[in-house]
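One-letter residues, chain by chain:
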Amino acid sequence: MKRILVSTSGGDCPGLNAVIRGIVKRAHQESEEWEVLGSIQAYNGILWEPTEVKLLDEKTVAGIHYQGGTIIETTNKGGPFAWPIFNKKTGKWEYVDRSEEMIRKLQYMGVDAVISIGGDGSQKLSQKLFEQGLDIVGVPKTIDNDLSATDFTFGFQTAVQIATDAIDKLVTTAASHNRTFILEVMGRHTGWIALHAAIAGGADVCLIPEIPYDVTKVVQKLKSRYKKGRGSAIIVVAEGAKPIDGSEFAAVSNEVGYENVRLGGVAYKVSDQIKAAGFDSGDIRETILGHLQRGGVPIAYDRVLATQFGVKAFELVKNKEFGHMVAYRHPDIVSVPFTEAIGKMNFVDPNSDIMDTARGTGICFGD
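Residues numbered from 1 in each chain as written. Predicted model: local features only at pLDDT ≥ 70, side-chain atom pairs only at ≥ 80, totals over all residues. Heavy atoms only, no water.

Turning our eyes to something else, we now look at the overall build of the protein chain. When helices and strands are tallied, the protein chain shows 12 helices and 17 strands. Relative to a compact globule of 367 residues, whose C-alpha radius of gyration would be 21 Å, the protein chain shows 22 Å and is just as compact. Expressed as a percentage of its 367 residues, the buried residues of the protein chain come to 51%. For the protein chain, the proportion of contacts with a sequence separation of at least 24, taken over those separated by at least 6, is 71%. Put simply, the protein chain shows about 16,100 Å² of open surface, and 49% of that area lies on carbon and sulfur atoms. Each charge class in the protein chain was averaged separately, 40 positive and 45 negative side chains, and the resulting centres sit 5 Å apart. (Helix = DSSP H or I, 4+ residues; strand = E, 2+ residues; numbered from the N terminus. Rg over C-alpha atoms; globule rule 2.2 N^0.38 Å. Buried < 20%, exposed > 50% of the residue type's maximum accessible area, 1.4 Å probe, protein only. Contact = heavy atoms within 4.5 Å. Areas by Shrake-Rupley, 256 points an atom, 1.4 Å probe, with all protein chains shown as cover. Lys, Arg positive; Asp, Glu negative; His and termini not counted. Charge placed at Lys NZ, Arg CZ, Asp CG, Glu CD.)

What follows covers the nonpolar core. Formed by 67 residues in total, the largest nonpolar core has its most connected members in V6, I20, I115, I117, V139, F154 and F365. With eight residues, the single largest contributor to this core is helix α6 (residues 156-177). Aside from chain neighbours lying at most four places away, what touches V139 is V19, I115, S116, I117, G118, Q123, F154, F309, A313, M325 and V326. Core analysis: the next-biggest nonpolar cluster, separate from the first, contains 22 residues, Y43, I103, L106 and L129 among them. (Core = buried A, V, L, I, M, F, W, Y, C linked by side-chain atoms within 4.5 Å.)

Time to look at a nonpolar patch on the surface. Taken together, F86, W93 and Y95 make up a surface patch of nonpolar side chains, about 340 Å² in accessible area. Here Y95 falls in the partly exposed class, since its relative accessible area comes to 46%. (Patch = residues over 30% accessible without salt bridge, like charges linked within 9 Å, V, L, I, M, F, W, Y side chains within 5 Å. Salt bridge = Lys/Arg side-chain N within 4 Å of Asp/Glu carboxyl O.)

The full count for this structure, using the stated rule, is 14 salt bridges. One salt bridge connects R98 with E101, and the closest N-O pair in it is separated by 2.7 Å. Judged by relative accessible area, which is 33%, E101 ranks as partly exposed. Each member of the salt-bridge network shares a partner with another, and the members are R26, E30, E315 and K318.

Before going further, it helps to examine helix α10 (residues 300-318). In an α-helix, one full turn covers 3.6 residues, which means residues spaced three or four apart are oriented alike. The terminal C-alpha atoms of α10 lie 27 Å apart, and with 19 residues this matches the ideal 27 Å at 1.5 Å per residue to within 8%. Along α10, the residues that are buried comprise D302, L305, A306, F309, G310, A313, F314, L316 and V317. Once α10 ends, the next one or two residues include K320, with phi positive near 60°. (Expected span 1.5 Å × (residues − 1).)

What follows covers the sheet that holds strand β9 (residues 205-207). Taken together, four strands build an open sheet; the order of strands is β9-β12-β8-β15 and the sheet is parallel. At either margin of the open sheet sits one strand with a lone partner, and together these are β9 and β15 (283-288). Within this sheet the neighbouring strands show an average axis-to-axis angle of 15°, counted without direction. Inspection of the sheet shows strand β8 (residues 179-185) paired to strand β12 (residues 233-238) by six bridges, in the parallel sense. Residue pairing in the sheet places T180 in a bridge with A233 of β12. (Pairing = 2+ DSSP bridges. Axes fitted to C-alpha atoms, helices over the stretch in contact; angles between N-to-C directions.)

Another point: the packing of aromatic side chains. For the structure shown, the criterion picks out six aromatic pairs. Ring centres of F152 and Y301 lie 6.4 Å apart, and the angle between their planes is 85°; this geometry places the pair in the edge-to-face category. Taken together, the residues F152 in the loop between β7 (136-140) and α6 and Y301 in helix α10 connect sequence positions 149 residues apart. Three or more aromatic residues joined by ring pairs form one cluster here, namely F152, F156 and Y301. One Lys or Arg, R98, reaches over the ring of W83 and ends 4.9 Å from the middle of that ring. K128 extends its terminal NZ or CZ atom over the ring of F81, reaching a point 4.1 Å from the ring centre. (Phe/Tyr/Trp six-rings, centres within 6.5 Å; stacked < 30°, edge-to-face > 60°. Lys NZ or Arg CZ within 6 Å of the ring centre and 35° of its normal.)

Another point: the pairing of strand β4 (residues 83-87). Relative to strand β5 (residues 92-96), β4 runs antiparallel, the two being bridged by five bridges. By the bridge assignment, F86 is partnered in β5 with W93. Between the antiparallel neighbours β4 and β5 lie four residues, among them G91 with a positive phi of about 75°.

Read these as spatial facts, not as claims about activity.
Shown next, in the form of structure tokens:
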């Protein structure tokens, strides 16, 4: 019996279950000698005592491809290299490296290989575990589409669809009330969701991290949308957007084991800046989509891509191509070394064709 352990880590993402199903279905096509296990809440299921894993067979994964979330749960806190432990003497949390212990436990469990489904941070962990001798392959997962080794990540298109639906709804109420609406979307340090949703939804302004904005340019665009106080406008702002003389609107998290800064709320900052810069035509309202973009049913595109990734991940394990991550290079599903996958973030190129398209339709980026 050959045994594979599957882990989903980081933020949840539409299509995770489709990847899991793809792995299991492909393993079953190979032969009955393959067994697939799922570790509950990323690697926590292995590090906990008692161990918490779930058998993933065809019965378990039946019909999960259209479900949001992940049937084996996920977490973006802690991990094998930084396991949080509360020191009663000091009254503070400390972090210990349990990676070697986890690898030994996997060996004891008879796990032949691990498939890690996660984003940039998760695949950095995969590379470190691979360097320590663990046979592991990766599957890229993030709605932010910020991994440069793959053309697209699953979950991104669903997030864009959700953001576009929100714009479609805001357009009607904006026109009815002669208002400007600011829609804040996710993306962390990249503007892919904001850019695609702005084009699809016909937004007037799009503010992304890659192009620091000048609020006076934004106000000029907004004023062009109003005549004698009547009109409406839609602004799409990525959560990591920043002004030319400022920085990201972020806060340090106080959650135990959570290393990332917390982004969110920049829509209110932009609203205040616009008002301070002299825009007084109509009301301004802010809408923050937040986690709505990560939940719910994945669209067909993401189900297909996620399934392709799952099938390919099993084949990497079968062929012993460890230390690699699945990637989409149109039109093919390929693999790339972890070192390439985590080496560079996928930023929006201000001089790219899609930016030309956005500018060609009149979208203002505040530059």
